[in-house]
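Structural characterization, general
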Amino acid sequence: MVSQLFDISGKTALVTGGSRGIGLMIARGFVQNGAKVYISSRKAEACERAAAGLSKYGTCIPLAHDLGSMAEVKALAEDIKAREKKLDILVNNAGAAWAEPFETFSEEGWDKLMNVNLKAIFFLSQALLPELKAAGTADDPARIVNIGSIDGILQPQLESYAYSASKAAVHHLTHHLAKHLARDQINVNAIAPGPFETKMLAPVLATARKAIESSVPRGRIGEDDDMIGAAIFFCSRASSFITGQVLAVDGGIMAAAYMQQPL
Ligand SMILES: NC(=O)c1ccc[n+]([C@@H]2O[C@H](COP(=O)([O-])OP(=O)(O)OC[C@H]3O[C@@H](n4cnc5c(N)ncnc54)[C@H](OP(=O)(O)O)[C@@H]3O)[C@@H](O)[C@H]2O)c1
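Residues numbered from 1 in each chain as written. Predicted model: local features only at pLDDT ≥ 70, side-chain atom pairs only at ≥ 80, totals over all residues. Heavy atoms only, no water.

A look at the overall build of the protein chain
Counting its secondary structure elements, the protein chain contains 9 helices and 7 strands. Whereas a compact globule of 263 residues would reach a radius of gyration of roughly 18 Å, the protein chain reaches 18 Å, a difference of no more than 12%. Seen through its principal axes, the protein chain has C-alpha atoms that stretch 55 × 45 × 40 Å. Out of the 263 residues belonging to the protein chain, those deemed buried represent 47%. Considering only residue pairs separated by 6 or more positions, the protein chain has 72% of its internal contacts joining residues 24 or more positions apart. Just so you have it, the protein chain exposes about 12800 Å², and 56% of that area is on carbon and sulfur atoms. Between the centroid of the 26 positive side chains of the protein chain and the centroid of its 27 negative side chains there is a distance of 5 Å. (Helix = DSSP H or I, 4+ residues; strand = E, 2+ residues; numbered from the N terminus. Rg over C-alpha atoms; globule rule 2.2 N^0.38 Å. Buried < 20%, exposed > 50% of the residue type's maximum accessible area, 1.4 Å probe, protein only. Contact = heavy atoms within 4.5 Å. Areas by Shrake-Rupley, 256 points an atom, 1.4 Å probe, with all protein chains shown as cover. Lys, Arg positive; Asp, Glu negative; His and termini not counted. Charge placed at Lys NZ, Arg CZ, Asp CG, Glu CD.)

Here's the deal with the sheet that holds strand β4 (residues 89-92)
Pairing is parallel across the open sheet formed by 7 strands, whose spatial order is β3-β2-β1-β4-β5-β6-β7. Sheet topology places β3 (60-62) and β7 (246-249) at the edges, where each strand pairs with a single neighbour. For this sheet the average axis-to-axis angle between neighbouring strands, irrespective of direction, equals 20°. Pairing geometry for strand β1 (residues 12-16) and strand β2 (residues 36-40), over 5 bridges, is parallel. Bridge pairing links V15 to I39 in β2. Most of the contacts of helix α7 (residues 161-181) go to strand β6 (residues 186-193), to which it runs at about 160°, and overall it touches β5 (142-147), β6 and β7. (Pairing = 2+ DSSP bridges. Axes fitted to C-alpha atoms, helices over the stretch in contact; angles between N-to-C directions.)

Quick word on helix α5 (residues 107-127)
By the largest-angle criterion, K119 marks the main kink of α5, which is about 45°. Turning to α5, its buried residues are G109, L113, M114, V116, N117, L118, A120, I121, L124 and S125. (Bend = angle between axes of the 7 residues up to and from the residue.)

Let's talk about the site of the ligand
Lining the immediate surroundings of the ligand are 29 residues, of which S19, R42, L67, Y163 and T198 lie closest. Between R20 and the ligand, the recorded distance is 3.0 Å, taken from a side-chain N or O atom to an oxygen atom. Here an oxygen atom of the ligand sits 3.3 Å away from a polar atom, N or O, in the side chain of S41. In the complex, the protein chains occlude 96% of the 890 Å² of accessible area that the ligand would expose alone. Among the secondary structure elements, those contributing two or more residues to the shell around the ligand are α2 (21-32) and α7. Taken together, the residues that form the shell around the ligand break down as 11 nonpolar, 12 polar and 6 charged. (Near = heavy atom within 4 Å. Polar contact = N/O pair within 3.5 Å; in protein donor to acceptor, adjacent residues only side chain to side chain. Nonpolar A, V, L, I, M, F, W, Y, C, P; charged D, E, K, R; others polar.)

What to know about the side chain of K167
As for its position among the elements, K167 is in helix α7. Buried charged residue K167 carries no salt bridge. Nearest counter-charge: D151, at 9.2 Å. With residues up to four places along the chain from it excluded, the contact list for K167 reads N117, I147, G148, S149 and G152. (Salt bridge = Lys/Arg side-chain N within 4 Å of Asp/Glu carboxyl O.)

What about unusual backbone geometry?
Phi at Q185 takes a positive value of approximately 60°, unusual for a residue other than glycine. For Q185, a relative accessible area of 29% puts it in the partly exposed group.

Comments concerning the side chain of E100
Tracing the backbone through its elements, the reader meets E100 in the loop between β4 and α5. Of the side chains with opposite charge, K112 comes closest to the buried, unpaired E100, at an N-O distance of 11 Å. Within the structure, the side chain of E100 is placed 2.7 Å from the side chain of W98, a separation counted as a polar contact. When sequence neighbours within four positions are dropped, the list of residues in contact with E100 reads F105, S106, E159 and Y161.

Observations regarding the packing of α2 against helix α9 (residues 224-235)
Remark: α2 packs on α9, axes separated minimally by 9 Å, with the N-to-C direction vectors making an angle of 60°. The pairing of α2 with α9 is recorded here as oblique in orientation. Regarding α2 and α9, the two cross each other, and that crossing is right-handed. Of the residues in α9, those in contact with I22, M25, I26, R28, G29 and F30 of α2 are D224, M227, I228, A231, I232 and C235. (Parallel < 35°, antiparallel > 145°, perpendicular 65-115°, else oblique. Left-handed = near helix turned anticlockwise from the far one by under 90°.)

Details of the nonpolar core
Side chains that are nonpolar tend, in soluble globular proteins, to be buried together. By size, the foremost hydrophobic cluster in this structure holds 34 residues, and its most contacted members are L14, L90, L124, L128 and L132. At the level of secondary structure, the elements contributing two or more residues to this core comprise α4 (70-83), α5, α6 (129-135), β5, α7 and β6. The contacts of L128, once residues within four sequence positions are left out, are L14, A77, I80, L87 and L90. Membership of the second largest hydrophobic core comes to 31 residues, among which are I191, A230, F234 and C235. (Core = buried A, V, L, I, M, F, W, Y, C linked by side-chain atoms within 4.5 Å.)

Structural notes on the packing of aromatic side chains
Scanning the model with the defined rule gives 6 aromatic pairs in all. Pairing F6 with F233 gives two aromatic rings, centres 6.3 Å apart and planes at 35°, and the pair type is tilted. With a gap of 227 residues between them, F6 in the loop between α1 (2-5) and β1 and F233 in helix α9 connect regions that are remote in the sequence. On the accessibility criterion, F233 (23% relative accessible area) is partly exposed. (Phe/Tyr/Trp six-rings, centres within 6.5 Å; stacked < 30°, edge-to-face > 60°.)

And the structure:
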(Lines give C-alpha, C1' and ligand atoms only; values in the text may rest on other atoms or scores of the structure.)
Protein backbone atom coordinates (compact mmCIF):
# COMPACT_ATOMS: atom_id res chain seq x y z
CA MET A 1 0.00 0.00 0.00
CA VAL A 2 1.36 3.40 -0.99
CA SER A 3 0.02 5.03 2.17
CA GLN A 4 1.99 2.57 4.32
CA LEU A 5 5.12 3.03 2.24
CA PHE A 6 5.13 6.76 2.93
CA ASP A 7 3.86 6.50 6.51
CA ILE A 8 5.88 8.44 9.10
CA SER A 9 3.29 8.34 11.88
CA GLY A 10 4.67 7.43 15.30
CA LYS A 11 8.22 8.51 14.37
CA THR A 12 10.13 11.05 16.42
CA ALA A 13 11.94 13.83 14.56
CA LEU A 14 14.17 16.81 15.22
CA VAL A 15 14.09 19.60 12.63
CA THR A 16 16.72 22.28 13.21
CA GLY A 17 15.74 25.75 12.06
CA GLY A 18 12.14 24.62 12.30
CA SER A 19 10.78 28.00 13.40
CA ARG A 20 10.26 29.35 9.87
CA GLY A 21 10.93 28.82 6.18
CA ILE A 22 11.91 25.41 4.85
CA GLY A 23 12.33 23.92 8.35
CA LEU A 24 8.82 25.00 9.29
CA MET A 25 7.45 23.50 6.05
CA ILE A 26 9.09 20.16 6.86
CA ALA A 27 8.05 20.27 10.52
CA ARG A 28 4.43 20.95 9.53
CA GLY A 29 4.47 18.12 7.02
CA PHE A 30 5.80 15.76 9.67
CA VAL A 31 3.38 16.83 12.43
CA GLN A 32 0.37 16.68 10.09
CA ASN A 33 1.37 13.15 9.15
CA GLY A 34 1.56 11.91 12.72
CA ALA A 35 5.21 12.35 13.73
CA LYS A 36 6.28 13.82 17.06
CA VAL A 37 8.47 16.76 16.12
CA TYR A 38 11.05 18.80 18.00
CA ILE A 39 11.99 22.09 16.37
CA SER A 40 14.96 24.28 17.23
CA SER A 41 16.14 27.78 16.39
CA ARG A 42 18.05 30.58 18.14
CA LYS A 43 15.12 32.78 19.04
CA ALA A 44 13.12 31.10 21.81
CA GLU A 45 10.02 33.18 21.22
CA ALA A 46 9.85 32.44 17.48
CA CYS A 47 10.49 28.78 18.14
CA GLU A 48 7.73 28.62 20.77
CA ARG A 49 5.30 30.47 18.49
CA ALA A 50 5.95 28.06 15.63
CA ALA A 51 5.58 25.02 17.91
CA ALA A 52 2.32 26.39 19.32
CA GLY A 53 1.00 26.82 15.76
CA LEU A 54 1.96 23.27 14.77
CA SER A 55 0.55 21.82 17.99
CA LYS A 56 -2.92 22.31 16.46
CA TYR A 57 -2.14 19.32 14.26
CA GLY A 58 -0.24 17.09 16.68
CA THR A 59 2.87 17.16 18.84
CA CYS A 60 5.52 19.83 18.34
CA ILE A 61 8.05 20.81 21.01
CA PRO A 62 10.35 23.87 20.82
CA LEU A 63 14.01 23.70 21.92
CA ALA A 64 15.85 26.99 21.42
CA HIS A 65 19.60 26.76 20.81
CA ASP A 66 22.17 28.65 18.74
CA LEU A 67 23.85 26.04 16.56
CA GLY A 68 26.65 28.48 15.79
CA SER A 69 28.28 27.36 19.05
CA MET A 70 29.53 23.87 19.92
CA ALA A 71 28.28 24.19 23.49
CA GLU A 72 24.77 24.85 22.18
CA VAL A 73 24.96 22.00 19.66
CA LYS A 74 25.76 19.69 22.58
CA ALA A 75 23.03 21.28 24.72
CA LEU A 76 20.42 20.61 22.00
CA ALA A 77 21.52 16.98 21.82
CA GLU A 78 21.30 16.74 25.63
CA ASP A 79 17.78 18.19 25.55
CA ILE A 80 16.75 15.44 23.14
CA LYS A 81 18.50 12.72 25.17
CA ALA A 82 16.69 13.88 28.30
CA ARG A 83 13.35 13.35 26.54
CA GLU A 84 13.84 10.49 24.07
CA LYS A 85 15.59 7.11 24.05
CA LYS A 86 15.46 6.99 20.27
CA LEU A 87 15.31 9.47 17.42
CA ASP A 88 13.99 8.27 14.06
CA ILE A 89 14.67 11.42 12.03
CA LEU A 90 17.20 14.24 12.22
CA VAL A 91 16.70 17.04 9.70
CA ASN A 92 19.76 19.29 9.67
CA ASN A 93 18.11 22.33 8.15
CA ALA A 94 19.24 25.39 10.17
CA GLY A 95 21.36 27.59 7.98
CA ALA A 96 22.38 31.13 7.24
CA ALA A 97 23.49 33.12 4.20
CA TRP A 98 26.17 35.78 3.77
CA ALA A 99 27.44 37.63 0.70
CA GLU A 100 30.32 40.10 0.39
CA PRO A 101 32.71 41.03 -2.41
CA PHE A 102 35.56 38.55 -2.73
CA GLU A 103 38.15 41.28 -2.11
CA THR A 104 36.77 42.13 1.33
CA PHE A 105 34.92 38.94 2.31
CA SER A 106 35.19 38.81 6.11
CA GLU A 107 36.48 36.06 8.33
CA GLU A 108 33.42 36.70 10.52
CA GLY A 109 31.08 35.80 7.65
CA TRP A 110 33.14 32.78 6.66
CA ASP A 111 33.27 31.38 10.21
CA LYS A 112 29.61 32.07 10.94
CA LEU A 113 28.47 30.15 7.87
CA MET A 114 30.86 27.26 8.28
CA ASN A 115 29.82 26.87 11.92
CA VAL A 116 26.06 26.80 11.44
CA ASN A 117 25.82 25.41 7.89
CA LEU A 118 28.44 22.67 8.19
CA LYS A 119 30.09 22.10 11.58
CA ALA A 120 26.78 21.95 13.46
CA ILE A 121 25.48 19.26 11.07
CA PHE A 122 28.48 17.05 11.71
CA PHE A 123 28.59 17.43 15.49
CA LEU A 124 24.82 17.30 16.08
CA SER A 125 24.66 14.07 14.06
CA GLN A 126 27.60 12.72 16.07
CA ALA A 127 26.02 13.66 19.41
CA LEU A 128 22.70 12.03 18.48
CA LEU A 129 24.22 8.85 17.06
CA PRO A 130 23.13 6.62 20.00
CA GLU A 131 19.50 7.73 19.68
CA LEU A 132 19.53 7.35 15.87
CA LYS A 133 21.09 3.89 16.19
CA ALA A 134 18.43 2.92 18.71
CA ALA A 135 15.71 3.86 16.21
CA GLY A 136 17.05 2.27 13.03
CA THR A 137 16.05 -1.19 11.82
CA ALA A 138 17.00 -3.12 8.70
CA ASP A 139 13.47 -2.68 7.36
CA ASP A 140 13.16 1.01 8.24
CA PRO A 141 16.48 2.73 9.01
CA ALA A 142 16.79 5.94 11.02
CA ARG A 143 17.23 8.98 8.80
CA ILE A 144 19.49 11.99 8.64
CA VAL A 145 18.34 14.52 6.05
CA ASN A 146 20.74 17.39 5.42
CA ILE A 147 19.47 20.52 3.72
CA GLY A 148 22.07 21.57 1.18
CA SER A 149 21.42 23.86 -1.79
CA ILE A 150 21.70 23.95 -5.54
CA ASP A 151 24.23 26.72 -4.77
CA GLY A 152 26.45 23.90 -3.51
CA ILE A 153 26.31 22.30 -6.98
CA LEU A 154 26.14 25.26 -9.38
CA GLN A 155 28.06 28.51 -8.99
CA PRO A 156 25.77 31.28 -7.68
CA GLN A 157 25.77 34.78 -9.16
CA LEU A 158 25.89 36.38 -5.71
CA GLU A 159 29.27 36.61 -4.00
CA SER A 160 28.22 34.09 -1.37
CA TYR A 161 31.48 32.13 -1.31
CA ALA A 162 31.19 30.68 2.19
CA TYR A 163 27.57 29.69 1.57
CA SER A 164 28.24 27.80 -1.67
CA ALA A 165 31.36 26.15 -0.22
CA SER A 166 29.53 25.13 2.97
CA LYS A 167 26.68 23.61 0.96
CA ALA A 168 29.03 21.69 -1.36
CA ALA A 169 30.68 20.35 1.79
CA VAL A 170 27.26 19.37 3.20
CA HIS A 171 26.61 17.33 0.07
CA HIS A 172 29.94 15.54 0.28
CA LEU A 173 29.53 14.99 4.01
CA THR A 174 26.17 13.39 3.18
CA HIS A 175 27.86 10.88 0.86
CA HIS A 176 30.59 10.13 3.38
CA LEU A 177 28.28 9.72 6.38
CA ALA A 178 25.93 7.54 4.34
CA LYS A 179 28.75 5.12 3.63
CA HIS A 180 29.82 5.02 7.27
CA LEU A 181 26.42 4.92 8.99
CA ALA A 182 24.73 2.32 6.79
CA ARG A 183 26.06 -0.38 9.12
CA ASP A 184 24.20 1.33 12.00
CA GLN A 185 20.91 1.24 10.04
CA ILE A 186 20.97 4.99 9.42
CA ASN A 187 20.31 6.45 5.97
CA VAL A 188 21.84 9.83 5.21
CA ASN A 189 20.50 11.88 2.30
CA ALA A 190 20.39 15.54 1.37
CA ILE A 191 17.86 17.82 -0.23
CA ALA A 192 19.31 20.59 -2.40
CA PRO A 193 16.54 23.17 -2.67
CA GLY A 194 16.22 25.63 -5.52
CA PRO A 195 14.47 28.92 -4.71
CA PHE A 196 11.85 28.78 -1.94
CA GLU A 197 9.98 31.79 -0.55
CA THR A 198 11.58 32.28 2.87
CA LYS A 199 13.18 35.04 4.91
CA MET A 200 16.58 33.95 3.60
CA LEU A 201 15.55 34.45 -0.03
CA ALA A 202 13.34 37.51 0.58
CA PRO A 203 15.97 40.18 -0.29
CA VAL A 204 16.75 38.46 -3.62
CA LEU A 205 13.08 37.93 -4.48
CA ALA A 206 12.33 41.57 -3.66
CA THR A 207 14.58 42.76 -6.48
CA ALA A 208 14.76 39.82 -8.89
CA ARG A 209 11.63 37.66 -8.56
CA LYS A 210 10.90 37.62 -12.30
CA ALA A 211 14.48 36.70 -13.21
CA ILE A 212 14.54 33.92 -10.60
CA GLU A 213 11.20 32.50 -11.73
CA SER A 214 12.22 32.52 -15.36
CA SER A 215 15.48 30.71 -14.50
CA VAL A 216 13.40 27.78 -13.20
CA PRO A 217 12.22 25.50 -16.04
CA ARG A 218 8.98 24.87 -14.11
CA GLY A 219 8.53 28.66 -14.05
CA ARG A 220 7.86 29.17 -10.36
CA ILE A 221 9.31 29.34 -6.86
CA GLY A 222 9.17 26.17 -4.74
CA GLU A 223 6.12 25.68 -2.54
CA ASP A 224 5.56 23.99 0.82
CA ASP A 225 4.32 20.69 -0.62
CA ASP A 226 7.34 20.42 -2.93
CA MET A 227 9.58 20.34 0.14
CA ILE A 228 7.25 18.26 2.31
CA GLY A 229 6.98 15.57 -0.38
CA ALA A 230 10.75 15.17 -0.66
CA ALA A 231 11.25 15.19 3.12
CA ILE A 232 8.57 12.57 3.76
CA PHE A 233 10.00 10.39 1.00
CA PHE A 234 13.45 10.47 2.62
CA CYS A 235 12.00 9.69 6.06
CA SER A 236 9.60 6.87 5.20
CA ARG A 237 10.02 3.21 4.22
CA ALA A 238 9.66 4.31 0.58
CA SER A 239 13.35 5.26 0.64
CA SER A 240 14.72 2.50 2.91
CA PHE A 241 17.20 1.40 0.23
CA ILE A 242 18.31 4.93 -0.72
CA THR A 243 21.23 6.51 1.08
CA GLY A 244 23.96 8.97 0.14
CA GLN A 245 21.83 10.85 -2.38
CA VAL A 246 21.49 14.58 -2.97
CA LEU A 247 18.05 15.32 -4.37
CA ALA A 248 17.63 18.66 -6.11
CA VAL A 249 14.15 20.02 -5.41
CA ASP A 250 14.56 22.87 -7.84
CA GLY A 251 11.92 22.85 -10.58
CA GLY A 252 14.53 21.71 -13.11
CA ILE A 253 17.32 24.27 -12.56
CA MET A 254 19.94 21.53 -12.41
CA ALA A 255 18.55 19.90 -15.54
CA ALA A 256 18.84 23.17 -17.45
CA ALA A 257 22.29 24.03 -16.15
CA TYR A 258 24.27 23.14 -19.26
CA MET A 259 22.78 25.62 -21.70
CA GLN A 260 20.32 28.12 -20.39
CA GLN A 261 20.03 30.21 -23.59
CA PRO A 262 18.22 28.71 -26.59
CA LEU A 263 20.56 28.15 -29.56
N1 LIG B 1 15.07 29.49 0.75
C2 LIG B 1 15.76 28.99 -0.23
O3 LIG B 1 15.50 29.32 -1.39
C4 LIG B 1 16.85 27.98 0.02
C5 LIG B 1 17.49 27.44 -1.10
C6 LIG B 1 18.48 26.50 -0.90
C7 LIG B 1 18.80 26.09 0.37
N8 LIG B 1 18.18 26.63 1.45
C9 LIG B 1 18.56 26.14 2.77
O10 LIG B 1 17.41 25.77 3.50
C11 LIG B 1 17.67 25.92 4.89
C12 LIG B 1 16.57 26.77 5.51
O13 LIG B 1 16.64 28.06 4.92
P14 LIG B 1 15.38 29.04 4.82
O15 LIG B 1 15.37 29.57 3.45
O16 LIG B 1 14.19 28.40 5.39
O17 LIG B 1 15.94 30.20 5.77
P18 LIG B 1 15.26 31.04 6.93
O19 LIG B 1 13.86 31.38 6.60
O20 LIG B 1 16.22 32.14 7.20
O21 LIG B 1 15.24 30.02 8.16
C22 LIG B 1 16.43 29.62 8.79
C23 LIG B 1 16.09 28.84 10.04
O24 LIG B 1 17.31 28.48 10.68
C25 LIG B 1 17.35 29.05 12.00
N26 LIG B 1 18.73 29.43 12.29
C27 LIG B 1 19.51 30.32 11.64
N28 LIG B 1 20.71 30.42 12.24
C29 LIG B 1 20.67 29.56 13.29
C30 LIG B 1 21.60 29.22 14.31
N31 LIG B 1 22.82 29.81 14.39
N32 LIG B 1 21.24 28.29 15.23
C33 LIG B 1 20.01 27.71 15.19
N34 LIG B 1 19.10 28.01 14.25
C35 LIG B 1 19.43 28.93 13.32
C36 LIG B 1 16.39 30.25 11.94
O37 LIG B 1 15.84 30.62 13.19
P38 LIG B 1 16.53 31.73 14.17
O39 LIG B 1 16.75 32.95 13.35
O40 LIG B 1 15.57 31.90 15.31
O41 LIG B 1 17.79 31.10 14.63
C42 LIG B 1 15.30 29.67 11.04
O43 LIG B 1 14.47 28.81 11.80
C44 LIG B 1 19.06 26.54 5.01
O45 LIG B 1 20.01 25.54 5.28
C46 LIG B 1 19.27 27.14 3.64
O47 LIG B 1 20.62 27.28 3.34
C48 LIG B 1 17.21 27.57 1.29
